[in-house]
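Single-letter residue listing:
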Amino acid sequence: MKFALSYALILAWLAYLISSGVYLFSRGFLLSRVSKTDVNSCRHLSKDPNDEYFLTDDVVDEIFKDVNASSNLCLPQKSKVIILLIDALKYDFGVYKENVTEPLPYENKLDVFRDLIRNEPQHSRLMRFKADPPTTTLQRLKGLTTGSLPTFVDIGSNFASPEINEDNIIDQMVKNGLPIVFMGDSTWTDLYPNRFKRSYSYPSFDIFDLDTIDRKIEKQLPKEIQKDDWQVLIAHFLGVDHCGHKHGPLHEEMSRKLTEMNNVIKNVASQMSDDTTLLVMGDHGMTISGDHGGDSYDEINALLFAYSKQTKFLNGDYGSDTDVMQQIDLVPTLATILGIPIPYSNLGLINFNIVPDVAVPHMTKLQTLILHVWQNAQQIYTYFYNYAVENKRSFNVEQMDRMDTEFILLTHRVKSIYNDAAFKSFIGDLNAHLRQILSTCRELWVKFDATQMSQGLLVTFFAVFLPFVLISNTPAGKLSNIFTIKELGYTYLLNLAAGVFGYRYYRNFSFKTEEHAVIFFTNVISTLILVFHMAQNWYTIAISWSKVKRFANMPTRAILIILMSICYSNSFVVNEGHVLSYLLVCVIILMAYELLQKSIRVDFKTKFKPQQFIKSTAFKLLLACVLAVCLIRFATTFFRCREEQGNCMDFTTNSSAGSFSLKKPSSAKSYILSIVIVVLYTTLSRIYLRSCGNLTGTSVNILMARYGPTVASICTGGHILLSNSSVKNVDRTHIDMMALIVYALLVVQVIVVTVSPLMVYVLPQKNKSTISVSRTDNIIPEIFKKMKSMYQGDDAERHSDIPVVYGLATIYSSVLISFGTFLAMVLVIILEPKSCSGIVVCIAVGAIILSLHAVLRYRTAVNFETCVQPTFTAIVGWFILGHFCFFATSHQTTLSQIDWRAAFVGRTTSIGQSHFISGILVILNTFCGHILFSCMFGLLATETFSIFALFPTLIKTNANRDRKLDCNNTTKTASATYDRSLSEISNECVGFDMTRGELVLFENENIFVGTVFKLAVQLYILQGAKIFCAMLACTIHCRHLMVWKIFAPRFIYESIATFVSMPAIIVGFLLILRIHKGVDGLISKINKNK
Amino acid sequence: MAVRFDALKTKHQLFHVSISLGVILICMTYMQYRRNWTHLGSFWDSLIIPIVFTGEMLKVILCFYYGRLEDPTLTQKQKQRKASYFTPKDLASGLLLQFLCTVLYGFICIILGAPVLQNYEQTFVLSLLLTLLSVSPTVFLLGGGGALQVWFCEKPDFLTKTEETALNLFKYNALGGILGAWAGSIVSPLDWDRDWQTYPIPNVVGALMGSALGNIVACTRVLYATFKVYMSKKRS
């Protein structure tokens, strides 16, 4: 058992190596912006004579003597501001279409905009409000308050919103003494804790809840508007966004929500005081299905509406865009209105269209504008050049020089503006220049760090290639000699030392960060250790390599190569689901072909008889293959579409109304179907376990296996039905409780498996008389034979003194299967109802692959080791199945199609609102296939034995039989060979007694555990090769047009899959170890009793 | 090393391979002549199926021609089978077998991603072509019952030497054709927007190319064996 522990340690070590490589690469590839903590401040030019900078003609003259020297000035505040942020308010929602008789649910609902624009065109503005991707709320809020570009890496941290340290408009307001009142989404208070004078923040946690938050805001809003102790009021409505997520834009609910918003806006517009500017805006749009996060046209076009009650807005003559406003332009514009400094890292421009035209005493309008514009320009210039000085290497020197010259020219021009025409031409050039800075920055913040990327690639390559050479090519029995626990201790110590060394001296080796150095040094040491092991065992490796046939497994290799090259082509990534289903079907057809080749041609030596063929097991297995491929084809109907796929019909959406699609609650039929499938699954697995004899007895784990899945499936069914039913008055806690029960069952199962894993029942002995087996003999076969005869109903045996154990033949696989059932139930309840049939279908395909492989494996086996080591085809098939399951459960490798609902399964009523749990649930949902099939990989090794224990007659089918028979015939008579027992045949063919099922595994524990370990490493290698290919593809295509849309998301998904599936494999391995230890205990206990 | 060189067999093999390659060449010429490949999927409009059919028949006839020479040396079993060749039962079972195979290929095409409810004709043409490349020659040569024996038994005992030679070559043809059609799918997800990317053109062309490749491999093997014999003769 000692070596088993060392195997687990090696797995953990290899997992660290591979994932550190991936992490290093992603640090280089998904670069983030260096956020600067500098803060702007300014001198307030005030109207109050007591202040330091009281505005007089002299002061104004002083300023305009040299505009360049007059930085950091703030003009007086123009008005108070009310910001109504309506989440996901798309531009199309606010455009009023006349002459539409039957408006779509989202059309023509916000008529307040039309009325205000018609009545007071100088006081209101309606514009497109263009967001920068990623269009998730947190990223948008950061962009809207700091005025800078969000970087790609920020995405996905929507659940853990950290405080913003960069200079931002909220901090500026607070610092300059403008009290803020906030109400709505609690993301704001997470980003800006303790900044608000009063805040009414409500968690945005439950995305099915359309109304609660909005109602609360609506209650507070009128009261707050009446008070006059604030200068800025922010209200963030979430209802429209939640409605989009739940129902999509075409549902009746959307029209209700929009009408509601319309009333809110109307009330605010009428109640607000005269010196107030109202800004209604959306932070992003939504796609046709109501989701957001990506960069499609629908998602980035939000709406901005501005209304000023008393003062007119400046008109569009001052160089600002009139139809479209960039979202980063909001920050400088707000700063202008409020008379506060523009935040340090802002890159946006002031949009004068929504700035109220308030005259500043002693200044002409032109002077005011010049001052505003020039403050903005100087701020951007300062930020940009400071950033450039600190990050010298990342800029192109010539370009910088050119831009510098341009700016100096502009500084001269600004001094000599005396009329409108000059101002207009000046501001045109200035804006062009500043936009150029913006685009330079945009380019810069997706610039890659080549060192980290290449090192990440190298690290991953070694961590995949060396284990492949070393472990995959060593016979399973010898693995325990290579990795002794003592050497592993040294390995870990060396790694620790290297890590500490890297942490301590990272500066001396010119690494930028500690982590980089730690990863670098530990990997160098680990690679050296692996190379050392390889050199030490080169003899064994060379021998086993020489045994590999030159063109063995060619079709499987071709499939593997195609699988690996998917990442390199954008069209293959787009159609990855279909490619995977193609490959999976090919694997199954290949196995069926091998079955025909290896078994039928052997069974019919000279004459083919159709009758006999139809009766044979091979034919039944062929039928199972047909079923499997049909299931796979059926599962392709669950695939989700992505934007790039033309003419693709999405099963979750119905393209009924024009370009939009309705996310309508699908018909009851599909829910019933998924429930039936789930129930069928639990019933079948139960029947299987019962027929193996694993459900006899009354110990806790057997009771769990007997009743747990039933309870779980009832709860799952109830949850699916109730959470989607149109009946509204079901208490949410009751629905949640069902999901919680399923979670709890898994937890209990984990505990039970750790405490006492075995699902066997030792029949109490009735007669404690003598023992017939001597101590030296191996006891196990005897026990088993007794058990067999018990089954056959031999009464005489029943009263004998040999202990009878139920379920001994499937002692390993039964626990795995029972654990897998609970895990699958949890995954099913987390998944969307429609896609949960996908995972069950995948499980069924997995079962068919297992049984097919079991028969195939035995037929070609020559000894125990070949019998327990799965074929290459089966491993690849299992691996593909895990990936296929990702697509079969309606996922896609795009960032906007993450199923965030999973975070709320069982937690709608404020139970455990931690972001950690939410993240785990979403990951479980997204990578359900990887997790399930990685955990269950042990079945590949054990299932051969349990199948043969269940159907012992299959033993006759070994391909060796004939060869050995031929030898036998020379010595014995032909008749003698026919009436041998099955175990004899088995002994002759593969050198051990196959009828004893998985007990054989225990007897050859060295080889068995070694093989399972080898199998785990092989799965590591496959996954590592896949992620390596994804990384390489990103490196090759890093200037590709589609890199942020296709390759980078593919890499992110693959890397998370790697991070998730390697621990899952370790869990699977530990599970087998635990069972193995349990079996050890059981056998010794039985022995002792005698 | 004494290698017995069977001139007759080699001749047969070379003729056989050249017929296959010739058929593929004719197909390619035809496709080049028609320019537009979109008709490849239609049954009535395309000449690919008849050309391939003729080619396979020619090969079978070639085999019969060479097989005539060894008639006197036949065993009892072989004679029996020869006699039953043109019986109605055998013909019917042969046709049934081919039909079943076409259905099977069609099923596999659909499973592998061909549209379920559309493009019947295209799927039919593709599966017919695959049947012609893989199953039909054996059935034409041995009849339905014989073909079954050949496929499912380890060592059928009734084959004459010529037939074995031909079957061996058929294997290359069939394997190449199936793998070619399989590999042809590679181009279909690509976003090149070419008209020849539509199903089943890549698969049909892939099957033809694959069988050509298989025949080239077979041809190389035969030539290499001949070359070795020639060298050893020269040395001795």
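Residues numbered from 1 in each chain as written. Chains lettered and ligands numbered in written order. Predicted model: local features only at pLDDT ≥ 70, side-chain atom pairs only at ≥ 80, totals over all residues. Heavy atoms only, no water.

**Considerations on unusual backbone geometry**
Defined as follows: Helix numbering and strand numbering both begin at the N terminus, where a helix is a DSSP run of H or I of at least 4 residues and a strand a DSSP run of E of at least 2. For the exposure calls, accessible area comes from a 1.4 Å probe over protein chains only, and a residue counts as buried if that area is under 20% of its type's maximum, exposed if over 50%, partly exposed in between.
Residue Pro200(B) is bonded to the preceding Tyr199(B) through a cis peptide linkage, with omega at -5 degrees. On the secondary structure map, Pro200(B) appears in the loop between α7 (161-184) and α8 (201-235). At His362(A), a residue that is not glycine, the phi angle is positive and equals roughly 70 degrees. Positionally, His362(A) belongs in the loop between α12 (330-338) and α13 (365-390). Residue His362(A) is classed as partly exposed on the basis of its relative accessible area of 41%.

**Examining the packing of aromatic side chains**
Residue and element names in this part refer to chain A. This is how the line gets drawn: Stacked, tilted and edge-to-face pairs are distinguished by plane angle, under 30 degrees for stacked and over 60 for edge-to-face with tilted covering the rest, among Phe, Tyr and Trp rings (Trp via its six-membered ring) whose centres lie within 6.5 Å.
All chains considered together, the criterion is met by 42 aromatic pairs over all chains. Seen from their ring centres, Phe 182 and Trp 188 are 5.5 Å apart, and the 35 degrees between their planes marks the pair as tilted. A centroid spacing of 5.4 Å and a plane angle of 5 degrees characterise the contact between Phe 461 and Phe 465, whose relative ring orientation is stacked. Placement of both Phe 461 and Phe 465 in helix α16 (residues 450-470) is noted, with a separation of 4 residues, approximately one turn of the helix.

**Overview of the confidence of the model for chain B**
Fine structural detail should not be taken from predicted coordinates in areas where pLDDT scores are low. All names here are of chain B. Counted only if it meets this: Residue-level confidence of the predictor, termed pLDDT, takes values from 0 up to 100.
Model confidence for chain B is summarised by a mean pLDDT of 84, while 94% of its residues fall at 70 or above. For chain B, helix α3 (residues 76-83) is the element with the lowest average pLDDT, namely 71, and α8 is the one with the highest, namely 90. Interface predicted TM-score (ipTM) for the complex: 0.90; the corresponding pTM is 0.78.

**Focus: a nonpolar patch on the surface**
Keep this limit in mind: Patch membership is restricted to residues that have no salt bridge and whose relative accessible area is over 30%. Joining uses 9 Å for like charges and 5 Å for the nonpolar side chains Val, Leu, Ile, Met, Phe, Trp and Tyr. Only the protein chains shown count as cover for residues, and all accessible areas are computed by the Shrake-Rupley method using a 1.4 Å probe. Salt bridge, as applied in this entry: a Lys or Arg side-chain nitrogen positioned within 4 Å of an Asp or Glu carboxyl oxygen.
Taken together, Leu458(A), Phe461(A), Phe462(A), Phe465(A), Phe468(A), Trp538(A), Trp545(A) and Val548(A) make up a surface patch of nonpolar side chains, about 710 Å² in accessible area. Of all the elements in the fold, those that place two or more residues in the nonpolar patch are α16 and α20 (538-547) of chain A.

**Looking at the state of the cysteines**
Put plainly, a disulfide is one covalent bond tying together the sulfur atoms of two cysteines. Definition in use: Note that a disulfide, as used here, is simply two cysteine sulfur atoms within 2.5 Å.
Following the criterion strictly, the structure yields 1 disulfide over all chains and no others. There is no disulfide at Cys63(B), and the cysteine sulfur nearest it, in Cys219(B), is 18 Å away.

**Structural notes on the UniProt feature "transmembrane region" (unreviewed entry) in chain B**
Residues and elements named next belong to chain B. Basically, it comes down to this: UniProt positions are given in the numbering used here, feature names are shortened, and annotations may be inferred rather than shown by experiment.
Under the present numbering, the feature "transmembrane region" (unreviewed entry) in UniProt falls on residues 14-31, 43-67, 95-117, 124-152, 172-192 and 204-227. Between the end C-alpha atoms of residues 95-117 there is a gap of 26 Å, over a span that is 74% helix and 0% strand. Counting secondary structure, residues 172-192 comes out at 62% helix and 0% strand; the distance between its end C-alpha atoms is 32 Å.

**Regarding the sheet that holds strand β5 (residues 180-185) of chain A**
Residues and elements named next belong to chain A. The condition that has to hold: Only strands that DSSP links by at least two bridges are regarded as paired with each other. To get an axis, a line is fitted to the C-alpha atoms, and for a helix only the part in contact is used. The angle between two axes follows their N-to-C directions and goes from 0 to 180 degrees.
Here 8 strands make up an open sheet; going across it, the order is β6-β5-β7-β3-β8-β9-β4-β10 and the pairing mixed. With one partner strand each, in any of the chains shown, β6 (198-202) and β10 (324-326) form the two edges of the open sheet. Strand-to-strand twist across the sheet, computed as the mean angle between neighbouring axes with direction ignored, equals 20 degrees. The pairing of strand β8 (residues 276-281) with strand β9 (residues 301-308) spans 5 bridges and is antiparallel.

**Observations regarding the pattern of salt bridges**
Residues and elements named next belong to chain A. All told, the structure shown has 27 salt bridges over all chains when counted by the stated rule. Measuring nitrogen to oxygen at the nearest pair gives 3.1 Å for the salt bridge that ties Arg 118 to Glu 98. Of this pair, Arg 118 sits in helix α4 (residues 111-119) while Glu 98 sits in the loop between α3 (91-94) and α4, and the two are 20 residues apart along the sequence. Look at Arg 118 and you get exposed, because its relative accessible area is 52%. In this structure, Arg 195 and Asp 171 form a salt bridge, with 2.4 Å as the shortest nitrogen-oxygen distance. In this pair, Arg 195 sits in the loop between α7 (187-191) and β6 while Asp 171 sits in helix α6 (residues 169-175), placing the two residues 24 residues apart along the sequence. Classification of Arg 195 as buried rests on a relative accessible area of 16%. A single salt-bridge network, built from bridges that share partners, covers Asp 211, Asp 214, Arg 215, Glu 218, Glu 253, Arg 256, Lys 257 and Glu 260.

**Considering the environment of Glu252(A)**
Structurally, the position occupied by Glu252(A) is in helix α10 (residues 252-271). Each C-alpha atom of the pair Glu252(A) and Ala861(A) lies 64 Å from the other, and the pair is 609 residues apart in sequence.

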